[in-house]
Amino acid sequence: MGPHPAVAAIRLAVRRVLHDLLTEHTSTPDAPGTPRGVPPRTPLSVPPHERPPSPLVLVACSGGADSVALASALAFEAPRLGVRAGGITVDHGLQAGSDLRAEEVVLRLRELGLDPVESTAVTVGRAGGPEAAARDARYAALDAAAERHGATAVLLGHTRDDQAETVLLGLARGSGIRSLSGMAAVSGAGGRYRRPFLALDRQTARKACMVQSLPVWDDPHNTDPAYTRSRLRHEGLPALEKALGKGVVEALARTARLSRDDADALDAWARQAEAAVRDSTGLLECAKLYALPPAVRRRVLRRAAIEAGAPAGSLFARHIEEVDRLITGWRGQGAINLPGRVVAQRQGGRLVIRQG
């Protein structure tokens, strides 16, 4: 008799990600002189003595149901595929006894057979609000841990429900299509972060923990109405489902996938268009910018602002709209101040974006 359907689902999701990582890790370039038409070398066709060492994959685990289910699936699948598996938990220090809880998570991960396992404490700042500050501190700690251990990837337990919440938060902020595309299955430098559960709902992860008798911790912040995502989770989404019927979460997750495809295509178009709208000195030509479709033009402007030193996380749609008016609504207006002390102004038919 096979495993419970919920357990089978989480293991399959992790197995697929590990297969992808192994393919990326062990595929080697074709030897010089390989005839055209010969299939590329795959992991199975590479002799064992030519294969690189087994990759290390870490799981980020808070002790909650989603990440515990992910850790259990990684611990089961990794040794079967020849992958080394470890875990890390981040102590944000935002609640009394958080250090003891982190130690408990470390113990649970070791009991699952993961190695290396560690807890890392962070100091959460205030920039961007409590949720954004905690997220920034967490990812900085995960990046450092991955570098320290030489990990190929870090698995994150975000589910389809988390994706739906992210799409709604982006919609509420009036963000563009990139924000509506939610979280990517692969993100971070070199594709470091992998999210195997984006197609699975939160209840599947919780059920997998229950049938395996895995203890989980429910973070009180997840039910604290002081946090925007908590209010959305416990009030906003249930209200939408009551008004629109079941299936809202699945529809929002599908919107994220479709939006990501569109955003990727527009970003690629903008990268190609950028070279064509610069003059011989590298300045942006306003007439050529004006001829671009608005969605492409604004992407070119955003890229230029970031290259000039504007922090991407502080550069919002309203900033780009103001710069865009220098192209589409030019009436002799002055310079536009952007985050990071970056200034955008129109001079002699050219758009100059630089740090002021």
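Since the structure is predicted, the reported quantities are computational estimates derived from the model, not experimental observations.

## Observations concerning the overall build of the protein chain
Right, on to step 1. When helices and strands are counted, the protein chain shows 12 helices and 10 strands.
Right, on to step 2. Structurally, the protein chain occupies a C-alpha span of about 70 × 65 × 40 Å along its principal axes.
Right, on to step 3. The burial tally for the protein chain puts 43% of its 356 residues in the buried class.
Right, on to step 4. A sequence separation of at least 24 residues applies to 66% of the contacts in the protein chain between residues at least 6 apart.

## A few points about the sheet that holds strand 3 (residues 117-121)
Right, on to step 1. In spatial order, the strands read 3-2-1-4-6-5; together these 6 strands make up an open sheet with mixed pairing. In this open sheet, the two strands that pair with only one neighbour each are strand 3 and strand 5 (186-187).
Right, on to step 2. Where strand 5 and strand 6 (residues 193-194) come together, 2 bridges link them in antiparallel fashion. Within strand 6, the residue paired with V186 across the bridge is R194.
Right, on to step 3. Relative to the sheet, helix 2 (residues 65-77) contacts strand 1 (56-60), strand 2 (84-91) and strand 4 (153-155), its axis offset from that of strand 1 by approximately 160 degrees.

## Observations concerning the packing of helix 5 (residues 160-172) against helix 8 (residues 228-244)
Right, on to step 1. Direction vectors running N to C along helix 5 and helix 8 enclose 95 degrees, while the axes themselves pass 10 Å from each other. In terms of orientation, helix 5 and helix 8 fall into the roughly perpendicular class. Counting all contacts with helix 5, which are made through D162, E165, T166, L168 and L169, the residues of helix 8 involved are T228, R229, L232, R233, L237 and L240.

## Some points on the pairing of strand 3
Right, on to step 1. Summarising the sheet, strand 2 and strand 3 pair through 5 bridges and their orientation is parallel. Opposite G87, over in strand 3, you have V117 as the bridge partner.
Right, on to step 2. As for the winding sense of the linkage, the β-α-β connection from strand 2 through helix 3 (residues 98-111) to strand 3 is right-handed.

## Quick word on the state of the cysteines
Right, on to step 1. In total, this model carries 0 disulfides according to the counting rule given.
Right, on to step 2. Free cysteine: C209, not disulfide-bonded; nearest cysteine sulfur from C61 at 8.7 Å.
Right, on to step 3. C209 gets classed as buried once you look at its relative accessible area, which sits at 1%.

## Remarks on the environment of A78
Right, on to step 1. Structurally, A78 is set in the loop between helix 2 and strand 2.
Right, on to step 2. Exposure remark for A78: the relative accessible area of 0% places this residue in the buried category.
Right, on to step 3. Considering only alpha carbons, one finds A78 and H19, 59 residues apart in sequence, at a separation of 9.8 Å.
Right, on to step 4. Contacts of A78, omitting those with residues within four sequence positions, involve L18, V83 and A85.

## A closer look at helix 7 (residues 202-211)
Right, on to step 1. By the burial criterion, the buried members of helix 7 are R202, T204, A205, A208 and C209.
Right, on to step 2. Residue S213 follows helix 7 closely and has a positive phi angle near 55 degrees.

## Quick look at the pairing of strand 9 (residues 342-347)
Right, on to step 1. In this structure, strand 8 (residues 336-338) lies alongside strand 9, joined through 3 bridges in antiparallel fashion. Paired with N337 across the strands is V343, a residue of strand 9.
Right, on to step 2. The turn linking strand 8 back onto strand 9 is made up of 3 residues, and G340 within it adopts a positive phi angle of 75 degrees.
Right, on to step 3. In this structure, strand 9 lies alongside strand 10 (residues 350-355), joined through 6 bridges in antiparallel fashion. Counted as the bridge partner of R346 is L351 from strand 10.

## Re helix 8
Right, on to step 1. Of all bends in helix 8, the biggest is about 30 degrees, found at H234, and the proline P238 comes one to four residues later.
Right, on to step 2. When helix 8 is considered as a whole, its buried residues turn out to be S230, L232, R233 and L237.
Right, on to step 3. Tucked into the core, helix 8 has its buried residues touching helix 5, helix 7 and helix 9 (248-276).
Right, on to step 4. Note on helix 8: the residue one or two positions beyond its end, G245, has a positive phi of about 95 degrees.

## Looking at the sheet that holds strand 8
Right, on to step 1. In spatial order, the strands read 7-10-9-8; together these 4 strands make up an open sheet with antiparallel pairing. Pairing within the sheet leaves two strands with one partner each, and these edge strands are strand 7 (284-285) and strand 8.
Right, on to step 2. Contacts between helix 11 (residues 294-307) and the sheet are confined to strand 7, strand 8, strand 9 and strand 10, with strand 10 contributing the most and set at about 35 degrees to the helix.

The rules we used
Counting starts from 1 at the beginning of each chain's written sequence and moves along it residue by residue. Since the coordinates come from a predicted model, pLDDT governs what is reported: local features require at least 70, and pairs of side-chain atoms require 80 or more to be given and counted, while whole-chain, interface and lining totals use all residues. To obtain the side-chain values, all non-hydrogen atoms of the structure were used and water was disregarded. What counts as a helix is a DSSP run of H or I of at least four residues, what counts as a strand is a run of E of at least two, and both are numbered from the N terminus. For every residue, the accessible area (1.4 Å probe, protein chains only) is compared with the maximum for its type, and the residue is labelled buried under 20%, exposed over 50%, or partly exposed between those bounds. In what follows, residue pairs with any heavy atoms lying within 4.5 Å of each other are defined as contacts. Strand pairing requires that DSSP identify at least two bridges connecting the strands. Here, axes are lines fitted to C-alpha atoms. For helices the fit covers the stretch in contact, and angles between N-to-C directions go from 0 to 180 degrees. Roughly parallel refers to an angle under 35 degrees, roughly antiparallel to one over 145, roughly perpendicular to one between 65 and 115, and oblique to any angle outside these ranges. Convention used here: a crossover is right-handed provided that the path from the first strand, over the helix, to the second strand proceeds clockwise when the strands point away from the viewer. When two cysteine sulfur atoms are found within 2.5 Å, that pair is recorded as a disulfide. Note that bend, as reported per residue, equals the angle between axes fitted to the 7 residues terminating at that residue and the 7 residues originating from it.

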